[in-house]
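Understanding the architecture of this molecule
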Amino acid sequence: MTAFTPRTLSPQDTAHALPYAALTREIEHLLQDPSVHVPARLVQPLLGGGSLFVMPAADARVAMTKLITFIANNAQQGLPTIQGDIVVFDVKTGQRVALMDGPTVTARRTAAVSLLAAQKLAPRKDGPLLIVGAGVQGLSHLEAFHEGLGVQEVWIASRSAASADALVGHAERLGMKARRVDDPNAALAECPLVITTTPAQQVVMTARPRDDAFVAAVGAFTPRMVEWSADVCQHVARTGMLVVDTRDADHEAGDFLQAGLDVAAWPTLSDVVCQTPMWQAAAQRHTQRPGPVFFKSCGWGGWDLAAARCVAAHKPS
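Residues numbered from 1 in each chain as written. Predicted model: local features only at pLDDT ≥ 70, side-chain atom pairs only at ≥ 80, totals over all residues. Heavy atoms only, no water.

In a beta sheet, neighbouring strands pair by backbone hydrogen bonds and run either parallel or antiparallel. Strand order in the open sheet formed by seven strands is 9-8-7-10-12-15-14, and the pairing between neighbours is parallel. Across the chains shown, the open sheet's two edge strands, defined by having one partner strand only, are strand 9 (177–180) and strand 14 (241–244). Direction aside, the axes of adjacent strands within the sheet are offset by 15° on average. As defined by bridge partners, strand 14 adjoins strand 15 (residues 293–296) across four bridges and the pair is classed as parallel. (Pairing = 2+ DSSP bridges. Helix = DSSP H or I, 4+ residues; strand = E, 2+ residues; numbered from the N terminus. Axes fitted to C-alpha atoms, helices over the stretch in contact; angles between N-to-C directions.)

Pasting the structure below:
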């Protein structure tokens, strides 16, 4: 019997196999698939403050394991903050199907989750879009919202003016109108779409979003991490709507937990997609107090499984 050789995808190959539109659709389909099983991820603390993540998941056709490290201060040393791989297996045969680049999958699936949330929840989808944080996640969200929502104008804020200017240049090459802003809190008044992708080592956002704003908070994915002030989170809980990516956020959503909010009381993206009673009740409340919509993304192995499903179905050219 001829040995099966798994596909090894470079970062470029991985990105090519995960177009945002297809990945966003796959994420929505996955949330409706009863065969999906995603155990709790294992997070191993590392000396020096980093973390090793082990994230398995499977459905009726595909199984995968994500193995990555997260080192928050790597950016200061010119190194990626996320490094690692994702191994994809065929469930029936156990054969390895593909080895994907972990950072590329993380960037694209996180942006696709935010895009799906915006498609379902954003009161206004025309922008301008404010992106706070001009790293890998800032870039992937810029591309996803341009492709998936048709956003034509973006404002970029970053601690690094050079990084902000580089992302502005990328947006302009995509045909977008783009500008750098030095005060993201002041920019909130002009931007109904907001993405925060900071390192989340301290509060950055202290101003309140517009009443018609959609916010995707991406940077904080542990209880200790935070981007948004407690006052803003409490304000949105009182006047608008909170939605989390999964129930794992109940113990991982640092922005909400540090604000003293009962995260379990708010719906997940799955509730939104599947139109559960919890979502219907939240949507009804929102019609009575139509304030900002705040989507908290913490990460989940299911999002990587959606990427694995795309790659397993993708025929290399």
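After that view of the structure, there is still more to cover.
Read across the open sheet, the six strands follow the order 1-6-5-4-3-2; overall the sheet is mixed. Every other strand in the sheet has two partners, leaving strand 1 (7–8) and strand 2 (42–45) as the edge strands with one partner each. Across nine bridges, strand 4 (residues 62–70) lies against strand 5 (residues 82–90) in antiparallel orientation. Bridging from a neighbouring strand, V62 pairs with D90 of strand 5. In this fold helix 3 (residues 102–121) packs onto strand 3 (51–58), strand 4, strand 5 and strand 6 (96–101), with an angle of close to 90° to the strand it touches most, strand 5. Sheet strands touched by helix 11 (residues 301–313): strand 1, strand 3, strand 4, strand 5 and strand 6. Its angle to strand 4, the strand with the most contacts, is close to 125°. (Contact = heavy atoms within 4.5 Å.)

We now examine the pattern of salt bridges. Enumeration according to the criterion identifies 15 salt bridges in this entry. Between K120 and E28 there is a salt bridge, and its shortest N-O distance comes to 2.8 Å. Highlighted residues: K120 in helix 3 and E28 in helix 2 (residues 20–30), separated in sequence by 92 residues. In this structure, K66 and D304 form a salt bridge, with 3.0 Å as the shortest nitrogen-oxygen distance. Taken as a pair, K66 in strand 4 and D304 in helix 11 lie far apart in primary sequence, 238 residues in all. Judged by its relative accessible area of 0%, D304 falls in the buried class. (Salt bridge = Lys/Arg side-chain N within 4 Å of Asp/Glu carboxyl O. Buried < 20%, exposed > 50% of the residue type's maximum accessible area, 1.4 Å probe, protein only.)

To continue, consider the nonpolar core. Taken as a class, soluble globular proteins show a tendency for nonpolar side chains to be buried jointly. Formed by 103 residues in total, the largest nonpolar core has its most connected members in L130, F145, V154, F214, W228 and F256. Beyond its immediate sequence surroundings of up to four residues, F145 is in contact with A111, S114, L115, A118, L129, G150, V151, I195 and F214. (Core = buried A, V, L, I, M, F, W, Y, C linked by side-chain atoms within 4.5 Å.)

In this section: the environment of D212. Inspection of the secondary structure assignment puts D212 in the loop between strand 11 (201–205) and strand 12 (214–217). Residues D212 and G291, 79 residues apart in the sequence, show an inter-C-alpha distance of 6.2 Å. A distance of 2.8 Å separates the side chain of D212 from the side chain of R210, its partner in a polar contact. (Polar contact = N/O pair within 3.5 Å; in protein donor to acceptor, adjacent residues only side chain to side chain.)

Before going further, it helps to examine the packing of helix 2 against helix 3. Where helix 2 meets helix 3, the axes come as close as 9 Å, and the angle between the chain directions of the two elements is 70°. The pairing of helix 2 with helix 3 is recorded here as roughly perpendicular in orientation. From helix 2, Y20, L23, T24, I27 and E28 reach across to helix 3, where they touch R108, R109, A111, A112, V113, L115, L116, Q119 and K120. Grouping the amino acids of the contact of helix 2 with helix 3 by side-chain chemistry returns eight nonpolar, two polar and four charged. (Parallel < 35°, antiparallel > 145°, perpendicular 65-115°, else oblique. Nonpolar A, V, L, I, M, F, W, Y, C, P; charged D, E, K, R; others polar.)

Moving on to empty space enclosed by the protein. Under the definition given, this model contains two cavities of 30 Å³ or more. One number sums up the size of the largest cavity: a volume of about 40 Å³. Looking at the largest cavity, the residues that line it are V38, P39, R41, M55, P56, D248, G299, W300 and G301. Here the lining of the largest cavity is built from residues that sort into five nonpolar, two polar and two charged. Its volume calculated, the second largest cavity comes out at about 30 Å³. Together, G240, M241, W266, A282, R285, H286 and R289 line the second largest cavity. Counting residues per element, the lining of the second largest cavity draws most heavily on helix 10 (residues 277–288), which supplies three residues. Of the residues contributing to the lining of the second largest cavity, the split by class is three nonpolar, two polar and two charged. (1 Å grid on protein atoms, 1.4 Å probe; cavity = no way out; pocket = protein on both sides within 12 Å on 5 of 7 lines; lining within 4 Å. Points joined across faces, edges and corners; volume = space filled by probe spheres on them.)

Worth remembering: the numbers are spatial, not functional.
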